[in-house]
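# Reading the structure
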Amino acid sequence: MNRVVLVTGASRGLGASIAKLFLENKDIVYVNYNHSKMEAENLCKNYELAIPLKCDVTREEEIKEMIAKIKEEQGHLDIIINNAGIAKDSLVEDKTKETFMSVLKTNLVGSFLVCKYGKKIMDKGCIINISSTNGIDTYYPYSLDYDASKAGLISLTHNLAVEYAPRIRVNAVAPGWINTSMNKELDGEFKKEECDKILLNRFAEPNEIAKVVFFLCSDDASYINGTVIRVDGGLK
Ligand code: NAD
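For the structure given in this document, a descriptive report is provided here. (Residues numbered from 1 in each chain as written. Predicted model: local features only at pLDDT ≥ 70, side-chain atom pairs only at ≥ 80, totals over all residues. Heavy atoms only, no water.)

### Side note on the environment of R12
- Here R12 is to be found in the loop between β1 (4-7) and α1 (13-24).
- Sequence separation between R12 and F190 is 178 residues; the distance between their C-alpha atoms is 24 Å.
- Every residue in contact with R12, bar those within four places of it in the chain, is listed here: S36, E39 and S181.
- A polar contact is formed between the side chain of R12 and the side chain of S181, at a distance of 3.1 Å. (Helix = DSSP H or I, 4+ residues; strand = E, 2+ residues; numbered from the N terminus. Contact = heavy atoms within 4.5 Å. Polar contact = N/O pair within 3.5 Å; in protein donor to acceptor, adjacent residues only side chain to side chain.)

Given below as structure tokens:
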């Protein structure tokens, strides 16, 4: 039977790659976007079971409406992938409270609210939170807010796994560097230095992370719960 899947921030990058894997498996996928309507619609054009769905995950009312629409159309939800995220790197001394809060609000609070309301229409299934190695132990300057949000997502994962067991498995994936638009501004020299810290000596392609997310939502991962899977190419 087709599973009903919600992928947040799915118009591009990792989210689009995850959405495509589920769509190729003939799952019904809600391709959430905030501003990138055209990109989301273009992705959906290629798949019969893809449904673009606008929602700003920083807005609680929009999240409630998004979940209500899925309930109305499908009756239930099987899988949530909390992928939407932003980074606004700067030195701490240059970082404003507003910037700090906006990163927390999108990456952590948004995921919390999607889980809170999404769970109401889930009988069983799984939730994946896209964290980051920055949320575990990477010493990369400038991303205090981002790192705190990604560490928070790991805590959210552990707590929800307890509360939602045994019917819903909750796990986090912590990618290292990925080749997406989030890193498009990186200076070439800096990128080379970062690659030197990775045993595989390169950034991941989005699909290499997406496949792990897809696996964690499969029956083959039926005993994986409440944990964080690093996918970082051997980042030192
Ligand atoms: P990206 O910028 O291409 O994608 C982020 C997506 O989130 C975009 O589609 C964007 O529109 C969406 N988004 C942002 N704010 C939103 C909001 N308020 N409501 C709905 N959607 C919103 O970057 P990406 O690399 O594909 O990032 C995907 C996830 O992977 C993020 O959570 C990111 O933190 C995480 N991640 C990325 C890397 C990396 O190196 N790129 C590493 C580790 C983790």
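### Topic: the layout of surface pockets
- The volume enclosed by the largest pocket comes to roughly 1200 Å³.
- Going through the elements one at a time, α1, β2 (28-33) and α5 (144-164) are the ones with two or more residues in the lining of the largest pocket.
- If you tally residues by element for the lining of the largest pocket, the top one is α1, at three residues.
- Its volume calculated, the second largest pocket comes out at about 280 Å³. (1 Å grid on protein atoms, 1.4 Å probe; cavity = no way out; pocket = protein on both sides within 12 Å on 5 of 7 lines; lining within 4 Å. Points joined across faces, edges and corners; volume = space filled by probe spheres on them.)

### Some details on the site of the ligand
- Near the ligand, the surroundings consist of 29 residues, among which D56, N83, Y146, I178 and T180 are the closest.
- In this structure, D56 approaches the ligand through a side-chain N or O atom, which is 2.8 Å from a nitrogen atom.
- Between an oxygen atom of the ligand and a side-chain N or O atom of N183, the distance comes to 2.9 Å.
- Burial of the ligand by the surrounding chains reaches 94%, relative to a free accessible area of 820 Å². (Near = heavy atom within 4 Å. Areas by Shrake-Rupley, 256 points an atom, 1.4 Å probe, with all protein chains shown as cover.)

### Comments concerning the packing of α1 against helix α7 (residues 206-216)
- At their nearest, the axes of α1 and α7 sit 8 Å apart, and the two run at 50 degrees to each other. By the angle class used here, α1 and α7 are oblique. Here the hand of the crossing between α1 and α7 comes out right-handed. Touching G13, L14, S17, I18, L21 and F22 of α1 are P206, N207, I209, A210, K211, V213 and F214, all from α7.
- When its residues are assigned to classes, the contact of α1 with α7 shows nine nonpolar, three polar and one charged. (Axes fitted to C-alpha atoms, helices over the stretch in contact; angles between N-to-C directions. Parallel < 35°, antiparallel > 145°, perpendicular 65-115°, else oblique. Left-handed = near helix turned anticlockwise from the far one by under 90°. Nonpolar A, V, L, I, M, F, W, Y, C, P; charged D, E, K, R; others polar.)

### Section: the packing of helix α4 (residues 97-118) against α5
- Viewed as axis vectors pointing N to C, α4 and α5 meet at an angle of 15 degrees, and their least axial separation amounts to 9 Å. Viewed along their axes, α4 and α5 adopt a mutual orientation that is roughly parallel. Crossing of α4 over α5 shows right-handed handedness. Mapping the contact onto sequence places T99, F100, V103, L104, N107, L108, S111, F112, C115 and K116 in α4 and L144, D145, Y146, S149, K150, G152, L153, L156, L160 and Y164 in α5.
- The residue makeup of the contact of α4 with α5, split by class, is twelve nonpolar, five polar and three charged.

### Structural notes on the pattern of salt bridges
- Tallying each qualifying case throughout the model produces 14 salt bridges.
- With a shortest N-O distance of 2.9 Å, R3 and D27 are connected by a salt bridge. Remark: D27 occurs in the loop between α1 and β2 and R3 occurs in the segment before β1; sequence separation between them is 24 residues.
- Note that D78 and K124 form a salt bridge whose closest N and O atoms lie 3.8 Å from each other. With a gap of 46 residues between them, D78 in the loop between α3 (60-74) and β4 (79-82) and K124 in the loop between α4 and β5 (125-130) connect regions that are remote in the sequence.
- Overlapping salt bridges bring together K54, D56, R59 and E62 as one network. (Salt bridge = Lys/Arg side-chain N within 4 Å of Asp/Glu carboxyl O.)

### Thoughts on unusual backbone geometry
- In the segment running from A165 into P166, the intervening peptide bond is cis, with an omega of 0 degrees.
- Assignment of secondary structure puts P166 in the loop between α5 and β6 (168-175).
- The backbone of K26 shows a phi angle near 70 degrees, a positive value even though the residue is not glycine.
- The phi dihedral of N201 falls on the positive side, at around 60 degrees, and the residue is not glycine.
- For N201, a relative accessible area of 47% translates into the label partly exposed. (Buried < 20%, exposed > 50% of the residue type's maximum accessible area, 1.4 Å probe, protein only.)

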